[in-house]
Structures are given as C-alpha cells and as structure tokens.
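Each chain, letter by letter, is given below.
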Amino acid sequence: MSTAAAHTDRVDAPGAAPVLELRDVAVHFGGVKAVDGVTLTLEPGRIHGIIGPNGSGKSTLIAAITRLTRLTRGELLLDGKPIDDVAPSRLAGLGVARTFQTVRLLPDLTVRANVQIGADARAAAAGQRRTRRGWRDRLRGGGTSPAVVEAMRRTRLEGFEDFYPAEMSYGTQRRVEIARAIAMQPRLLLLDEPTAGMNQTERAEISALLQSMRSAGLCQLLVEHDVQMMIDTCDHVFAMNSGRLIAEGAPREVVQDPRVQEAYLGRRWREHARGQ
Ligand code: ADP
Ligand code: MG
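Residues numbered from 1 in each chain as written. Chains lettered and ligands numbered in written order. Predicted model: local features only at pLDDT ≥ 70, side-chain atom pairs only at ≥ 80, totals over all residues. Heavy atoms only, no water.

*Asks:* Please clarify how the overall build of the protein should be interpreted in this entry.
*Replies:* When helices and strands are tallied, the protein shows 11 helices and 10 strands. Partitioning the intrachain contacts of the protein with sequence separation of at least 6 by distance along the chain shows that 70% fall at a separation of at least 24. (Helix = DSSP H or I, 4+ residues; strand = E, 2+ residues; numbered from the N terminus. Contact = heavy atoms within 4.5 Å.)

*Asks:* It is not clear to me how the packing of helix α4 (residues 111–125) against helix α7 (residues 170–182) should be interpreted in this structure. Could you clarify?
*Replies:* Between two packed helices, what matters for the description is the angle formed by their axes and the separation of those axes. Two numbers describe how α4 lies on α7: the axes approach to 6 Å, and their chain directions differ by 35°. The element α4 and its partner α7 pack so that their crossing is right-handed. Taking contact as the criterion, the partners of V111, N114, V115, I117 and G118 in α4 are, on α7, V176, A179 and R180. Split into classes, the residues belonging to the contact of α4 with α7 amount to five nonpolar, two polar and one charged. (Axes fitted to C-alpha atoms, helices over the stretch in contact; angles between N-to-C directions. Left-handed = near helix turned anticlockwise from the far one by under 90°. Nonpolar A, V, L, I, M, F, W, Y, C, P; charged D, E, K, R; others polar.)

*Asks:* So what exactly am I meant to see when it comes to the sheet that holds strand β8 (residues 219–223) here?
*Replies:* Within a sheet, each strand pairs with its neighbour through backbone hydrogen bonds, oriented either parallel or antiparallel. Taken together, six strands build an open sheet; the order of strands is β6-β7-β8-β3-β9-β10 and the sheet is mixed. Among the strands making up the open sheet, the edge pair consists of β6 (96–99) and β10 (244–249). Mean inter-strand twist for the sheet, computed between neighbouring axes without regard to direction, equals 15°. Relative to β8, strand β7 (residues 188–192) runs parallel, the two being bridged by five bridges. By the bridge assignment, D192 is partnered in β8 with V223. Here helix α8 (residues 200–214) sits on the sheet and contacts β3 (47–51), β7 and β8; the angle it forms with β8, its principal contact strand, is near 155°. (Pairing = 2+ DSSP bridges.)

*Asks:* How should the site of ligand 1 be read in this particular structure?
*Replies:* Taken together, F29, V32, A34, P53, N54, G55, S56, G57, K58, S59 and T60 make up the full set of residues near ligand 1. S56 is positioned such that a nitrogen or oxygen atom in its backbone is 3.2 Å from an oxygen atom of ligand 1. One nitrogen or oxygen atom from the side chain of T60 is found 2.5 Å from an oxygen atom belonging to ligand 1. Summarising the interface, the protein chains cover 58% of the accessible area of ligand 1, which totals 560 Å² for the free molecule. Of all elements in the fold, only β2 (32–42) and α2 (58–65) reach the threshold of two or more residues within the shell around ligand 1. With three residues, α2 is the single largest residue contributor to the shell around ligand 1. (Near = heavy atom within 4 Å. Polar contact = N/O pair within 3.5 Å; in protein donor to acceptor, adjacent residues only side chain to side chain. Areas by Shrake-Rupley, 256 points an atom, 1.4 Å probe, with all protein chains shown as cover.)

*Asks:* When you look at the sheet that holds strand β5 (residues 81–82) in this model, what are you seeing that I'm missing?
*Replies:* Spatial strand order, β2-β1-β4-β5: four strands in an open sheet with antiparallel pairing. Edge positions in the sheet fall to β2 and β5, since each of these pairs with one other strand and no more. Where strand β1 (residues 20–29) and strand β4 (residues 73–78) come together, five bridges link them in antiparallel fashion. By the bridge assignment for β4, A26 is matched with R73. Most of the contacts of α2 go to β1, to which it runs at about 115°, and overall it touches β1, β2 and β4.

*Asks:* Would you mind showing me how to read the nonpolar core here?
*Replies:* Soluble globular proteins: nonpolar side chains tend toward being buried together. Counting 39 residues, the largest nonpolar core has I51 and V115 as the members making the most contacts within it. Counting residues per element, this core draws most heavily on α7, which supplies five residues. No fewer than three residues from each of domain 1 (15–95 + 188–276) and domain 2 (105–185) sit in this core. In this structure, V115 is in contact with V148, A151, M152, V176, A179, R180 and A183, ignoring residues within four places of it in sequence. The next biggest cluster of nonpolar side chains, apart from the first, holds 28 residues, and it includes I50, I62, C219 and V223. (Core = buried A, V, L, I, M, F, W, Y, C linked by side-chain atoms within 4.5 Å. Buried < 20%, exposed > 50% of the residue type's maximum accessible area, 1.4 Å probe, protein only. Domains from an automatic or database assignment.)

*Asks:* Please clarify how the packing of aromatic side chains should be interpreted in this entry.
*Replies:* In this structure the tally under the stated criterion is one aromatic pair. When the ring of F160 is compared with that of F163, the centres are 5.3 Å apart and the planes differ by 65°; the resulting orientation is edge-to-face. One cation-aromatic arrangement involves R104 over F100; the distance from NZ or CZ to the ring centre is 3.8 Å. (Phe/Tyr/Trp six-rings, centres within 6.5 Å; stacked < 30°, edge-to-face > 60°. Lys NZ or Arg CZ within 6 Å of the ring centre and 35° of its normal.)

Spelled out as structure tokens, the structure:
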C-alpha cells in the first residue's frame with residue numbers, strides 16, 4: 001500500500017456537483033448529542049474518511065445518512081435534493097449502499113445469494129419485478145446477475161460462490177458484505193469499519209479495492225481506525241469528536257492536527273485514569 005500508488009487513478013473534478021451535502025446535521029438521543037451540528041460535502045470520484053475516538057458519532061452519522069436514525073435537526077441533500085424524509089428502503093434506488101460495523105450476512109444463504117440481495121435491492125427499488133421463471137432460476141442457484149459476478153470478481157470471491165458464511169474466515173465474510181454493497185451498483189458507498197478484524201494484508205487488499213472504484217466516479221465515505229490505511233486510501237478526511245467536526249482536509253495534515261491528537265490523547269488519558 002504506497003501513497004504514490006494510492007493516488008494514481010484519482011479523479012480530480014474541481015467544481016463537480018457534490019453527491020451528498022450535510023447541513024448542520026444533529027442526532028441527539030435524549031441528553032446524548034451523538035452528532036451535533038455537522039456540515040460537510042462529499043464529492044464524486046473521491047474517498048472521504050472519518051476518524052475519531054470511539055463514541056465520537058461516526059456510526060450515528062452514517063445511520064443518519066442512511067435514514068436509519070431520525071435527524072434532530074439539519075438537512076441531507078443527495079444530488080441537491082433533500083432526502084430527510086426518504087425511507088431507508090428507497091435509498092438503494094437512489095444509488096446509496098452501505099456496509100455495517102458488524103458483519104450482517106444471512107447465514108442460511110450462500111455467498112452468491114447474499115451478494116445477489118444487493119443486486120435485487122437495487123432492481124426492486126427501480127421497480128423491476130422478477131418473473132416466475134426468474135424466481136425459479138434463482139432458487140435453483142442460477143440466474144446470477146452480471147452485477148453480482150462483477151462484484152464477486154472485484155472482491156476476489158470467485159471460488160467461494162457456494163460457501164455459507166460460517167464456512168469462511170471473518171475477513172472473507174467482510175468481503176462478502178462489501179460485494180453485496182457493490183452489487184447494488186451505488187453512486188455513494190458508506191463503509192463503517194470494513195476492515196475491523198482483518199490482518200494487514202487483507203486491509204491492503206480492501207484499500208486497493210476501494211481505490212480501484214474511485215476512478216469510476218464512485219463517491220465513498222469510509223470509517224476506519226487504522227490511521228496509516230486512512231492516509232494511504234483517502235483523498236479527504238474528516239475528524240470527529242463528541243459529535244462535532246474538529247478538522248478536515250488532506251489525510252496526513254488532519255492526523256497531525258493538534259486538535260485531533262488531543263481528542264485521541266484526551267480519551268486515552270481518561271481511560272488510563274479509570275484503570276482501563
Ligand atoms: P462511533 O461510531 O464514533 O464509535 P457512535 O455513533 O456509535 O460512535 O456513538 C456516538 C454516541 O452516541 C455514543 O455516546 C453512543 O453511546 C451514543 N449512541 C449511539 N447510538 C445510540 C442509541 N441508539 N441510543 C442512545 N445512544 C446512542
Ligand atoms: Mg462506530
């Protein structure tokens with residue numbers, strides 16, 4: 001994973017219309033201000049990162065974008081249009097896909113069928129109905145969509161098509177999750193700690209995969225704790241603490257920002273003081 005290689009296929013599109021805009025977005029749970037006034041812009045063909053200590057609001061921000069949690073205030077604009085009232089199930093049709101912080105695969109379905117769910121979600125949201133023959137094919141394991149074949153190729157899952165999740169390593173299960181999201185052929189892909197539990201080699205592979213999708217104009221938002229991976233992978237990084245943005249910019253500059261270091265250090269100090 002070298003930084004030089006990381007930026008070769010970058011699409012710099014100055015002035016390109018943003019894919020997503022957050023304006024003063026807040027999500028409060030009772031007295032907990034999980035997200036508290038975040039304004040940011042995500043652009044096409046770019047990998048955006050979010051860093052911040054545990055509990056700083058990263059996952060809640062993704063939940064807000066994917067409509068899984070209600071906004072306390074603020075606005076979400078996808079391609080300039082408000083999505084504050086759009087149901088989560090309609091987001092697939094608008095080209096938004098995500099992976100979760102913990103693996104969420106259906107244990108009784110093969111890898112192929114799990115990935116097919118992504119392609120089906122997109123087709124269903126677009127109003128396409130499967131014919132009776134289509135269903136029969138699918139139940140017999142046939143009728144795999146080209147988007148599914150392509151998603152499994154990109155995530156190097158060829159050969160695993162007929163495996164069940166429990167038969168695979170944790171890292172491979174995470175690749176299936178990413179494949180399912182890619183099979184939706186999204187324009188905006190949100191990844192919440194996709195490499196948690198992976199070793200260094202697997203992380204480098206995921207980094208290369210995300211970078212390979214940048215050239216097609218995909219807009220990505222990546223939450224990760226591995227600072228080196230963020231520097232190698234992202235074009236732009238946002239740093240959060242206590243629900244607020246405390247810095248943004250080039251990855252290397254953001255991780256060296258004293259406010260960001262203080263956010264991590266302050267937390268570590270408190271944990272140390274509590275004897276953790
Ligand atoms: P991160 O992903 O950065 O670790 P989260 O977004 O998961 O942080 O959490 C931010 C804060 O909001 C934490 O204090 C967490 O306990 C709280 N929180 C998250 N979800 C809920 C919820 N559903 N109800 C109450 N508090 C929540
Ligand atoms: Mg989280």
